[in-house]
Amino acid sequence: MGILLFVGFFALLLAGAPIAISIAMPTFLVIWAADLGTPVIAPNFFAGIAKFPLLAIPLFILAGFILERCGISQRIIHFANLLVGRRKGGLAIVAIAVCVFFGGVSGSGPADSAAIGAILIPAMYAQGYSRGYSAALIAAAGSTAIIVPPSIALIIYGAITNTSVPALFAAGAVPGFLAGLSLLIPAVWVARKKGYGAVKETREEKPSLLKAFREAFWGLLAPIIILGGLYGGIFTPTEAAVVAVFYSLLLGFVIYRTLTLQSAYTILVEASEASAIVMLIVAFAGLFSWAGSTVGILDTFAGMLMGISENEWVVLILINLLIFIGGMLIDAISIFYIFLPIFMPIIAHFGWDPVWFGVVMTLNLAIGQFTPPVAVNLYVTTQLANIRIENTFKAVIPMVLAMILALVAVVLFPDLSLFIPRFFDLM
């Protein structure tokens, strides 16, 4: 019966059904066929989202929408572009830096890719960058948003495993920046090899760096306030999300004055729709996990993985391969709910630190966000670039390899992710 759960899920997924439907339909079928009692659906559906840490998700989504509409991304891009200068590969460096920075506010890879891509893809094309390269680069850089705190993916992981979310946020900081740095090497190398962005500038057309900094200052301050409050123990992740919303409203209505009541209403509607999609997947994925655990299929899979080898490195490699393949096909939230119940007994068996494992798993899933065939970030950026996803395959390969090297570093050296939460006594 448990096999039906996974077979039905992947069959619907490959047939093109939405993620929520692909998860829900086989779950309902198994609950009915296994005679688990259909009345359990409603309370378990509610229990999947009735968790205090999950309240931060719609709030961070709302904050990201408001900040993007405030024009912060344009100001930060302008400032970063002046810092780097108009040279070969200059906009590639700006794209990666701004995506990593904006990820410290949005917490979502697709949101990061959409906000930055809408501005930078036309700008990169105007400077001679190919559309395929531009879309691939921003999709890859945008994936760092689920690693860099505050990360929606890490909130989900913490809620499922009962792991400290502040500790996870702190642990994701260095690996997130390491992922961004790893992308710089192939991105700049390709740009300079192909002569992308070779634009001469004159003194007359060079804007004031100080003026650009003043315009971007309040936007640059946003992640400092959020993360400073978290690491300083001033507020919880959910409270940090509330602070992020009110700070973004302050920027929009008072400081930049780019928001109106009408635009605020539109933002609330769009953020509500985006949050509803995420929370629906969370609720159905939680029900899927409960059904799989009840019929025993998850324990069977865990036993099979541990039965392959008693060597923890062999098992860890197999787990990462499974996550990587899954991340190419399914969104991160679904991966967490489907696979974490299988991995948790293995984590306990080998004594792996759950904070470290959460960062490793999330970094691996970030790679999946821009790895074909089902790369959600690539889907977003190719739509913005008005090209087919196949046009990005050649450009995305070196970026995937670069981030895999970053993943290997985090796996081999756990202190890269653990020294900050230990320093702030969050473990």
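Structure: see above.
Anyway, here's the lowdown on the structure attached to this text.

The rules we used
Residues numbered from 1 in each chain as written. Predicted model: local features only at pLDDT ≥ 70, side-chain atom pairs only at ≥ 80, totals over all residues. Heavy atoms only, no water. Helix = DSSP H or I, 4+ residues; strand = E, 2+ residues; numbered from the N terminus. Rg over C-alpha atoms; globule rule 2.2 N^0.38 Å. Contact = heavy atoms within 4.5 Å. Areas by Shrake-Rupley, 256 points an atom, 1.4 Å probe, with all protein chains shown as cover. Lys, Arg positive; Asp, Glu negative; His and termini not counted. Charge placed at Lys NZ, Arg CZ, Asp CG, Glu CD. Salt bridge = Lys/Arg side-chain N within 4 Å of Asp/Glu carboxyl O. Buried < 20%, exposed > 50% of the residue type's maximum accessible area, 1.4 Å probe, protein only. Expected span 1.5 Å × (residues − 1).

### So, the overall build of the protein chain
Piece 1. Of the regular secondary structure elements, the protein chain holds 20 helices and 0 strands.
Piece 2. A compact globule built from 427 residues would reach a C-alpha radius of gyration of about 22 Å, and the protein chain, at 21 Å, matches this within 12%.
Piece 3. The dimensions of the protein chain, computed from C-alpha atoms along their principal axes, are 75 × 45 × 45 Å.
Piece 4. Considering only contacts in the protein chain between residues 6 or more positions apart, those separated by 24 or more positions represent 80%.
Piece 5. Of the accessible surface of the protein chain, which amounts to about 18,000 Å², a share of 69% is contributed by carbon and sulfur atoms.
Piece 6. Both charge centroids of the protein chain, one from 19 positive and one from 18 negative side chains, sit 19 Å from each other.

### Considering the pattern of salt bridges
Piece 1. Under the counting rule described, the total for this entry stands at 3 salt bridges.
Piece 2. Between Arg69 and Glu270 there is a salt bridge, with its nearest N and O atoms 2.3 Å apart. Of this pair, Arg69 sits in helix 4 (residues 56-69) while Glu270 sits in helix 13 (residues 261-295), placing them 201 residues apart in sequence.
Piece 3. On the accessibility criterion, Arg69 (34% relative accessible area) is partly exposed.

### Some points on the side chain of Thr27
Piece 1. Inspection of the secondary structure puts Thr27 in helix 2 (residues 19-33).
Piece 2. When sequence neighbours within four positions are dropped, the list of residues in contact with Thr27 reads Leu5, Leu287, Phe288 and Ala291.

### Notes on helix 11 (residues 209-231)
Piece 1. Between its first and last C-alpha atoms helix 11 spans 31 Å; for 23 residues at 1.5 Å apiece the expected length is 33 Å, and the two agree.
Piece 2. If you check which residues of helix 11 are buried, you get Ala212, Ala216, Gly219, Leu220, Ala222, Pro223, Ile226, Leu227, Gly229, Leu230 and Tyr231.
Piece 3. Note on helix 11: the residue one or two positions beyond its end, Gly233, has a positive phi of about 75 degrees.

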